[in-house]
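# Observations on the three-dimensional arrangement
Below are the chains, spelled out letter by letter.
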Amino acid sequence: MSTIARLLPLALLAAAAPPAEAARADDGLSPAFFETLRTADLRMATIAYRLTTANAALCDQLQPQLGMPIHALTQYGPAARGRAAVAFGFASTVGVEAVVANGPADRAGVRANDSIAAINDVAQPPLPDSTTPEGAAARDAAEAVIVRSPLERPVRLTILRGGRRLSIMVKPVTGCRSRFEILLGSGLGATADGAIVQIGERFFDGYTDEEIAVVVSHELAHNILRHRERLDAAKINRGLLAELGRNGRLIRETEDQADLLGIYLLANAGYDPMAAPRFWRQKGGNIDGGLFRSRTHASSKARADVLEAAAREIAATPTRPIIPPVLATRDVPLR
Ligand SMILES: [Zn+2]
């Protein structure tokens, strides 16, 4: 999550917390609030871990995946920092927010609320003081050390836990290189800028993991196919003129490709490929008119029909991962 995201009131997620707990702190920053945040981040991280590792063969940019969302105490505003430190057990600036069940960090014995003193012997900052600037820089720097770590080589974590200092070697799984964030307060939005996939907070309140995976896989497909970069190279306007003429045609083309590659990503990660057409039929209508505007994205009904045919074919193919032909469009200029 971004810095700003951490500071927002998280109205919807807070509303999902048990009322008795939520009522305890008058500003909403109760222990239940932080656990709600952790739960949403873990759901996102688990979906991202499955999709990126199962589809490594489809990605030309890779990184070691540890299955371990990390955060920094400096991401929380001054008013929330003391309570965030208690809720997440920070003993240094960077901490493990959660571990993906049966992922590399979990298998190595890393636990939620472990604090990170060093990664591959690169020291991480101690607890911040009042002069430490607020922001996500510490989290980003820690993530960068993991991304730079050689593929398949164990990552050494120096962990602070309960006053003890532990050295834990985590054997990573290679996955697609991408960051994932929950976008707060934005409704049912989702974007992919080439490096980060962002999914609106509201998906984590009322949508199943499988439904969220449909949206995440579509956005990850945009990044794998380098759509942002290729649309920029084609000088495509994604703003007010996005629906007109050549802009509209090429944006629509990239949307159709992301839809198609998205179901392969789902299937390769062990999700039911039929989840995509089901999602667009049942809930896509809620999203059309918001993020997935009907003209630049095919209407949800038309989208579901096309995807259903593809999903049937994928479901009948036993091999995983499937490397689909649409992947070859990655190197073709849009014109
Ligand atoms: Zn899209």
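Residues numbered from 1 in each chain as written. Predicted model: local features only at pLDDT ≥ 70, side-chain atom pairs only at ≥ 80, totals over all residues. Heavy atoms only, no water.

### Concerning the environment of Leu73
Note on placement: Leu73 falls in the loop between strand 2 (70–72) and helix 5 (78–88). Residue Leu73 is classed as buried on the basis of its relative accessible area, which comes to 4%. Sequence spacing of Leu73 and Gly95 is 22 residues, and the spatial spacing of their C-alpha atoms is 7.8 Å. Those residues in contact with Leu73, other than ones at most four positions away along the chain, are Arg81, Ala84, Ala85, Phe90, Thr93, Leu127 and Pro128. (Helix = DSSP H or I, 4+ residues; strand = E, 2+ residues; numbered from the N terminus. Buried < 20%, exposed > 50% of the residue type's maximum accessible area, 1.4 Å probe, protein only. Contact = heavy atoms within 4.5 Å.)

### Notes on the packing of aromatic side chains
Under the definition given, this model contains eight aromatic pairs. When the centroid spacing of 5.1 Å and the interplanar angle of 75° are considered together, the rings of Phe33 and Phe34 count as edge-to-face. With respect to burial, Phe33 and Phe34 carry one shared label: buried. Through pairs of rings, three or more aromatic residues link up here, namely Phe33, Phe34, Tyr76, Phe88 and Phe90. Positioned above the aromatic ring of Tyr271, the side-chain terminus of Arg50 is 3.8 Å from the ring centre. (Phe/Tyr/Trp six-rings, centres within 6.5 Å; stacked < 30°, edge-to-face > 60°. Lys NZ or Arg CZ within 6 Å of the ring centre and 35° of its normal.)

### A short note on the packing of helix 8 (residues 209–224) against helix 11 (residues 275–282)
Between helix 8 and helix 11, whose axes approach to 9 Å, the crossing angle comes to 95°. The pairing of helix 8 with helix 11 is recorded here as roughly perpendicular in orientation. Note on element contacts: helix 11 touches helix 8 through Ala275, Ala276, Arg278, Phe279 and Trp280, opposite Glu210, Glu211, Val214 and Val215. (Axes fitted to C-alpha atoms, helices over the stretch in contact; angles between N-to-C directions. Parallel < 35°, antiparallel > 145°, perpendicular 65-115°, else oblique.)

### Things to note about the side chain of Ser92
The topology assignment puts Ser92 in the loop between helix 5 and strand 3 (94–96). Within the structure, Ser92 has its side chain in polar contact with the backbone oxygen of Ile116 (distance 3.1 Å). Apart from the residues lying within four places of it in its own chain, the contact partners of Ser92 are Ser115, Ile116, Ala117, Pro125, Pro126, Leu127 and Leu160. (Polar contact = N/O pair within 3.5 Å; in protein donor to acceptor, adjacent residues only side chain to side chain.)

### Structural notes on the coordination of the zinc ion
Looking at the zinc ion, the protein donor atoms are His218 (NE2), His222 (NE2) and Glu255 (OE), and they sit 2.0 to 2.2 Å from it. Donor residues binding the zinc ion come from one chain and are separated in sequence as H-x3-H-x32-E. With a gap of 33 residues between them, His222 in helix 8 and Glu255 in helix 10 (residues 245–268) connect regions that are remote in the sequence. Its relative accessible area of 9% is what places Glu255 among the buried residues. (Donors = N, O, S within 2.8 Å, 3.2 Å for Na, K, Ca; no water.)

### Digging into the pairing of strand 6 (residues 155–161)
Counting buried positions over the seven residues of strand 6 gives five, a clear majority of the element. Looking at chain direction, strand 4 (residues 115–119) and strand 6 are connected through four bridges and run antiparallel. Bridge pairing in strand 6 links Ile116 to Ile159. Looking at chain direction, strand 6 and strand 7 (residues 164–170) are connected through seven bridges and run antiparallel. Among the inter-strand pairings, Arg156 is bridged to a residue of strand 7, identified as Met169. Between the antiparallel neighbours strand 6 and strand 7 lie two residues, among them Gly162 with a positive phi of about 55°. (Pairing = 2+ DSSP bridges.)

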